[in-house]
Amino acid sequence: MTAETADREAGAPDAPPPDRRREQRGWYFYDFACSVYSTSVLTVFLGPYLTSVAKAAADADGFVHPLGVPVRAGSVFAYSVSLSIVLAVLVMPLAGATADRTGRKKPLLAAAAYVGAGATAGMFFLDGDRYLLGAFLLIVANASLAVSMVLYNAYLPQIAEPEERDAVSSRGWAFGYTSGALVLVLNLVLYIGHESFGLSESAAVRICLASAGLWWGAFTVVPLRRLRDRRVEPGGEGAVGSGWRQLMSTLRDMRRHPLTLSFLLAYLVYNDGVQTVISQASIYGSEELGLDQTTLITAVLLVQVLAVVGALAMGRLARSYGAKRTILGSLAVWTLILAAGYFLPAGAPGWFFALAGAIGLVLGGSQALSRSLFSHLVPRGKEAEYFSAYEMSDRGLSWLGPLVFGLAYQLTGSYRDAIISLVAFFALGFVLLARVPVRRAVAAAGNPVPERI
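Residues numbered from 1 in each chain as written. Predicted model: local features only at pLDDT ≥ 70, side-chain atom pairs only at ≥ 80, totals over all residues. Heavy atoms only, no water.

This brings us to the overall build of the protein. On a plain count of helices and strands, the protein comes out with 19 helices and two strands. Taking 453 residues into account, the globule formula puts the C-alpha radius of gyration at 22 Å, and the protein, at 21 Å, falls close to it. Counting only C-alpha atoms and orienting by the principal axes, one finds that the protein spans roughly 75 × 40 × 40 Å. Within the protein, buried positions represent 58% of all 453 residues. Taking contacts inside the protein between residues at least 6 apart in sequence as the whole, the part at least 24 apart equals 84%. On the protein, roughly 17600 Å² of surface is accessible, and the fraction owed to carbon and sulfur atoms is 64%. (Helix = DSSP H or I, 4+ residues; strand = E, 2+ residues; numbered from the N terminus. Rg over C-alpha atoms; globule rule 2.2 N^0.38 Å. Buried < 20%, exposed > 50% of the residue type's maximum accessible area, 1.4 Å probe, protein only. Contact = heavy atoms within 4.5 Å. Areas by Shrake-Rupley, 256 points an atom, 1.4 Å probe, with all protein chains shown as cover.)

This is the structure:
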């Protein structure tokens, strides 16, 4: 038996190890490319900036009226995030079905990435009272990112053997947080010194937003050059128009793997909390705690640096204690973080930095290990389908948290009430994940069970 045949029978990709390593290195760079959007745009600049633009368009009572519907200006960003995810839900099943039926992930990844990068670059034109333009570009960019991540994540089972997926996934997140930190340093220099560059504060923010789109587009070239499409078996109906039928088929297939479905439910719940904290943290810091933009940028930069350390450290913990136990520990920490955040005093950047440091240490690891753990629960040959469902849990169904956050502020006018409501997502997610027997789930999916998981 050749080494290649042995790898194939063990569930490893069909590429020889040197080619697989090359693909892995290329795969890391999509995290490196798109994470700048998540960090600079979604987490730092766009929330406070779009809120200020919406306030400029608001009436005397602080409401804007898109399509005649009264909406608090402070809720526009959260509602836009929710709408972007609803749009992603409509597109992701088609992307996953097309990828699995044609085996051509790369063209689809390229299309999603460059639509998102283009919308992000277009945020340079967001000024004055153009809150509807900002909401539209946010919806397009965020939905495009979600679709691209379906295709990106679906490569993981193909480029990494079961025993190395925790490490490969964690390195991908580490690459992403490294790029986020690097670009945030540049953003901080531009924002603080905008007057010396002859720029207004608004112009500096718009340049930071647009540069994230240029970065996203430029570094997407690396994975597109190194990743390769796999052959698929001939036959089956065409993918065009079959996305939702494929999703229904995937969900029916998952009923034969109820433990995989149980993990997805747990992940849907706790990840909703994670995604909402990421997207709404800058709003909480600026509007509720009264912190300036420089403080917020510095805090998120701290998150990026510590997230690299945290992702790699939690990858090591997973090798000793298993991915499931390590994720459960991170969810307990997330719950404590939100409880502490509720009591943070306004105008106290030191305490905000401490909270940001704690978030950084658990953020990357909890997401990376969730991705690698799920990869063990996917039947072979159905990677893009199942990761489409996973991505709908990762981003596609993470509309509830921002919606709850926005409604809490809409009804109470307090961001503290909004932030504490998110504790329920982590507590319930912890209980649901704790009940999933992951070793049995891996075996039931027909995959080799790692020594520790």
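Structure's up, so let's keep going.
To continue, consider unusual backbone geometry. Residues other than glycine seldom take positive phi values, yet Leu67 does so here, at roughly 55 degrees. Within the element layout of this structure, Leu67 appears in the loop between strand 1 (63–64) and strand 2 (71–72).

Mapped onto the elements, Ser84 comes out in helix 3 (residues 76–102). Relative accessible area serves as the criterion here: at 0%, Ser84 is assigned to the buried category. With 34 residues separating them along the chain, Ser84 and Gly118 place their C-alpha atoms 16 Å apart. Within the structure, Ser84 has its side chain in polar contact with the backbone oxygen of Val81 (distance 2.6 Å). (Polar contact = N/O pair within 3.5 Å; in protein donor to acceptor, adjacent residues only side chain to side chain.)

This paragraph deals with the confidence of the model for the protein. Residue-level pLDDT values for the protein average 83, and 90% of them are 70 or greater. The spread of mean pLDDT over the elements of the protein runs between helix 1 (residues 3–9), the lowest at 39, and helix 8 (residues 201–219), the highest at 96. Low pLDDT (under 50) marks residues 1–16, which in the prediction has 28 contacts with non-local residues, meaning those over four places away or in another chain. pLDDT under 50 marks residues 234–242. Its contacts with residues more than four places away, or in other chains, come to 14 contacts. (pLDDT = per-residue confidence, 0-100.)

It is worth spelling out the packing of helix 12 (residues 293–321) against helix 14 (residues 349–375) at this point. Working note: a packed helix pair is described by the angle between its axes plus the distance between those axes. Remark: helix 12 packs on helix 14, axes separated minimally by 6 Å, with the N-to-C direction vectors making an angle of 40 degrees. Between helix 12 and helix 14, the angle is such that the two are oblique. Both helix 12 and helix 14 take part in a crossing whose hand is right-handed. A breakdown of the residues in the contact of helix 12 with helix 14 according to their chemical character gives 18 nonpolar, nine polar and no charged. (Axes fitted to C-alpha atoms, helices over the stretch in contact; angles between N-to-C directions. Parallel < 35°, antiparallel > 145°, perpendicular 65-115°, else oblique. Left-handed = near helix turned anticlockwise from the far one by under 90°. Nonpolar A, V, L, I, M, F, W, Y, C, P; charged D, E, K, R; others polar.)

Here we come to the nonpolar core. Counting 128 residues, the largest nonpolar core has Trp27, Tyr30, Leu46, Trp216, Phe263 and Trp334 as its most contacted members. Residue contributions to this core peak at 17 residues, all from helix 2 (residues 17–57). Those residues within four positions of Trp27 in sequence are excluded, and the remaining contacts are Tyr152, Tyr155, Leu156, Ile159, Val168, Ser169, Gly172, Leu227 and Arg371. Grouped together as the second largest cluster of nonpolar side chains are eight residues, Ala88, Met92, Ala112 and Val147 included. (Core = buried A, V, L, I, M, F, W, Y, C linked by side-chain atoms within 4.5 Å.)

What follows covers a positive patch on the surface. Taken together, the side chains of Arg21, Arg22, Arg25, Arg225 and Arg226 define a basic patch exposed on the protein surface. Among the secondary structure elements, those contributing two or more residues to the positive patch are helix 2 and helix 9 (221–226). The leading source of residues in the positive patch is helix 2, at three residues. Mapped onto the elements, Arg21 comes out in helix 2. Note on Arg21: relative accessible area 41%, which makes it partly exposed. (Patch = residues over 30% accessible without salt bridge, like charges linked within 9 Å, V, L, I, M, F, W, Y side chains within 5 Å. Salt bridge = Lys/Arg side-chain N within 4 Å of Asp/Glu carboxyl O. Lys, Arg positive; Asp, Glu negative; His and termini not counted. Charge placed at Lys NZ, Arg CZ, Asp CG, Glu CD.)

Moving on, we get to the packing of aromatic side chains. Taken as a whole, this structure holds 20 aromatic pairs when the rule is applied. Seen from their ring centres, Trp27 and Tyr152 are 4.4 Å apart, and the 15 degrees between their planes marks the pair as stacked. Here Trp27, found in helix 2, pairs with Tyr152, found in helix 5 (residues 131–154); they are 125 residues apart in sequence, far enough to count as distant. Taking the relative accessible area as the measure of exposure, Tyr152 reaches 0% and is therefore buried. Taking the centre distance of 5.5 Å and the plane angle of 85 degrees together, the rings of Phe124 and Phe125 count as edge-to-face. In this structure Phe124 comes out as partly exposed when scored by relative accessible area, which is 33%. Taken together, the ring pairs connect Trp27, Tyr28, Phe29, Tyr30, Phe32, Tyr152, Phe175, Trp215 and Phe219 into an aromatic cluster. (Phe/Tyr/Trp six-rings, centres within 6.5 Å; stacked < 30°, edge-to-face > 60°.)

Pairs can form between side chains of opposite charge once their charged atoms are near each other. Across all of its chains, the model carries six salt bridges by this definition. Glu161 serves as the salt-bridge partner of Arg20, at 2.6 Å between the closest nitrogen and oxygen. With a gap of 141 residues between them, Arg20 in helix 2 and Glu161 in the loop between helix 6 (156–159) and helix 7 (165–192) connect regions that are remote in the sequence. Where Asp31 meets Arg371, a salt bridge forms, and the shortest distance between an N and an O atom there is 3.6 Å. Of this pair, Asp31 sits in helix 2 while Arg371 is found in helix 14, placing the two residues 340 residues apart along the sequence. Accessibility assignment for this pair places Asp31 and Arg371 in one class, buried.

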